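# Analysis of the macromolecular model
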Amino acid sequence: MRTNRDIVAGAFHAWMDGTGYVASIFADDMTWEITGRSAASKKYSSTRQFLDEVLHPFGARFSTDDPFRPVTIRAIYDDQDKSTVIVLFDGRGTTTAGTAYENTYAWFMTLADGEVIDGTAFYDSIAFNELWKSVTP
């Protein structure tokens, strides 16, 4: 039986390799919170809202030749008692404006039945806001 850690690690490695995307493990009714004061910081009440308001506009800011994806997975932590997996990773991509975007993320994901049902993201909001304001999707 695959563990929550295996499910998350598999999705992240597929994203990193360009053979898949992490949203494939998101439950339809997932909630997601982006902490801090970035342009995207708030609580999202569904996967659709999170995809429409954050992930799709974020991805549209990157070149198809070098899209944003994890380049280094620093660590994956698994709290089996709380069904939570934490991934600390560095991501990078080339924007449609030809600039590089790099950021370090910590994602805390709670799973049920093999899908993420709740997530919280931490990252450098200054770098994110610069991308959000300077590159049009």
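Quick notes on the rules
- Residues numbered from 1 in each chain as written.
- Predicted model: local features only at pLDDT ≥ 70, side-chain atom pairs only at ≥ 80, totals over all residues.
- Heavy atoms only, no water.
- Core = buried A, V, L, I, M, F, W, Y, C linked by side-chain atoms within 4.5 Å.
- Buried < 20%, exposed > 50% of the residue type's maximum accessible area, 1.4 Å probe, protein only.
- Helix = DSSP H or I, 4+ residues; strand = E, 2+ residues; numbered from the N terminus.
- Contact = heavy atoms within 4.5 Å.
- Polar contact = N/O pair within 3.5 Å; in protein donor to acceptor, adjacent residues only side chain to side chain.
- Pairing = 2+ DSSP bridges.
- Axes fitted to C-alpha atoms, helices over the stretch in contact; angles between N-to-C directions.
- Expected span 1.5 Å × (residues − 1).
- Bend = angle between axes of the 7 residues up to and from the residue.
- Phe/Tyr/Trp six-rings, centres within 6.5 Å; stacked < 30°, edge-to-face > 60°.
- Lys NZ or Arg CZ within 6 Å of the ring centre and 35° of its normal.

Turning to the nonpolar core, a few remarks are in order. Ranked by size, the top nonpolar core spans 40 residues in total, and within it Phe12, Phe26, Trp32 and Trp107 carry the most contacts. For this core, the secondary-structure elements that each account for two or more residues are helix H1 (4-17), strand S1 (26-34), helix H2 (47-59), strand S3 (69-79), strand S4 (84-94), strand S5 (100-112), strand S6 (115-123) and helix H3 (125-134). For this core, the element with the most residues is H1, which contributes six residues. Here Trp107 is in contact with Phe12, Trp15, Val22, Phe26, Trp32, Val85, Ile86, Val87, Phe89, Thr120 and Ala121, once residues within four sequence places are set aside.

Those residues of H3 that fall on the buried side of the exposure criterion are Ala127, Phe128, Asn129, Leu131 and Trp132. Elements in contact with the buried residues of H3: H2, S5 and S6. The N-capping residue of H3, defined by a side-chain oxygen 2.9 Å from the backbone nitrogen of Ile126, is Asp124.

Looking now at the sheet that holds strand S2 (residues 43-44). Taken in spatial order, the six strands make up an open sheet running S2-S1-S6-S5-S4-S3, and their pairing is mixed. Edge strands, defined here as strands with exactly one partner in the open sheet, are S2 and S3. Bridge analysis of S5 against S6 gives eight bridges, and the strand direction is antiparallel. Within the sheet, the bridge partner assigned to Ala106 lies in S6 and is Phe122. Against the sheet, H2 engages S1, S2 and S5, with an angle of about 60° to S1.

What follows covers the pairing of S3. Direction of pairing for S3 relative to S4: antiparallel, over a ladder of nine bridges. Each residue of the ladder has a partner; that of Asp78, found in S4, is Val85. Count of turn residues in the S3/S4 antiparallel hairpin: four residues, of which Ser83 carries a positive phi of about 55°.

Turning to H2, a few remarks are in order. Along an α-helix, residues three or four positions apart point the same way, because every turn accommodates 3.6 residues. Taking 1.5 Å per residue, 13 residues should reach 18 Å; H2 reaches only 15 Å between its end C-alpha atoms and comes up short. At Glu53, H2 shows its maximal kink, close to 30°; a proline, Pro57, follows between one and four residues later. Every buried residue belonging to H2 is among Thr47, Gln49, Phe50, Leu51, Val54, Leu55, Pro57 and Phe58, and all of these are buried. In this structure, the buried residues of H2 make contact with S1, S2, S5 and H3.

Next up on the list: the packing of aromatic side chains. Per the counting criterion, the structure on display carries 26 aromatic pairs. Aromatic side chains Phe68 and Tyr105 sit 5.7 Å apart centroid to centroid with 65° between the ring planes, which places their arrangement in the edge-to-face category. Of this pair, Phe68 sits in the loop between H2 and S3 while Tyr105 is found in strand S5, placing the two residues 37 residues apart along the sequence. Neither residue differs from the other here; Phe68 and Tyr105 are each classed as buried. Judged by centre distance (4.9 Å) and plane angle (20°), the ring pair of Phe128 and Trp132 falls under stacked. Here the residue Phe128 and the residue Trp132 both occupy positions in helix H3, the gap between them amounting to four residues, near one helical turn. Looking at Trp132, the relative accessible area reads 19%, which means it is buried. The ring of Trp132 has Arg61 lying over it, and the distance from NZ or CZ to the ring centre is 3.9 Å.

Bringing the environment of Ser41 into the picture now. Within the secondary structure, Ser41 sits in the loop between S1 and S2. Not counting chain neighbours up to four residues away, the residues in contact with Ser41 comprise Ile34, Thr35 and Gly36. From its side chain, Ser41 meets the backbone oxygen of Gly36 in a polar contact 3.3 Å long.

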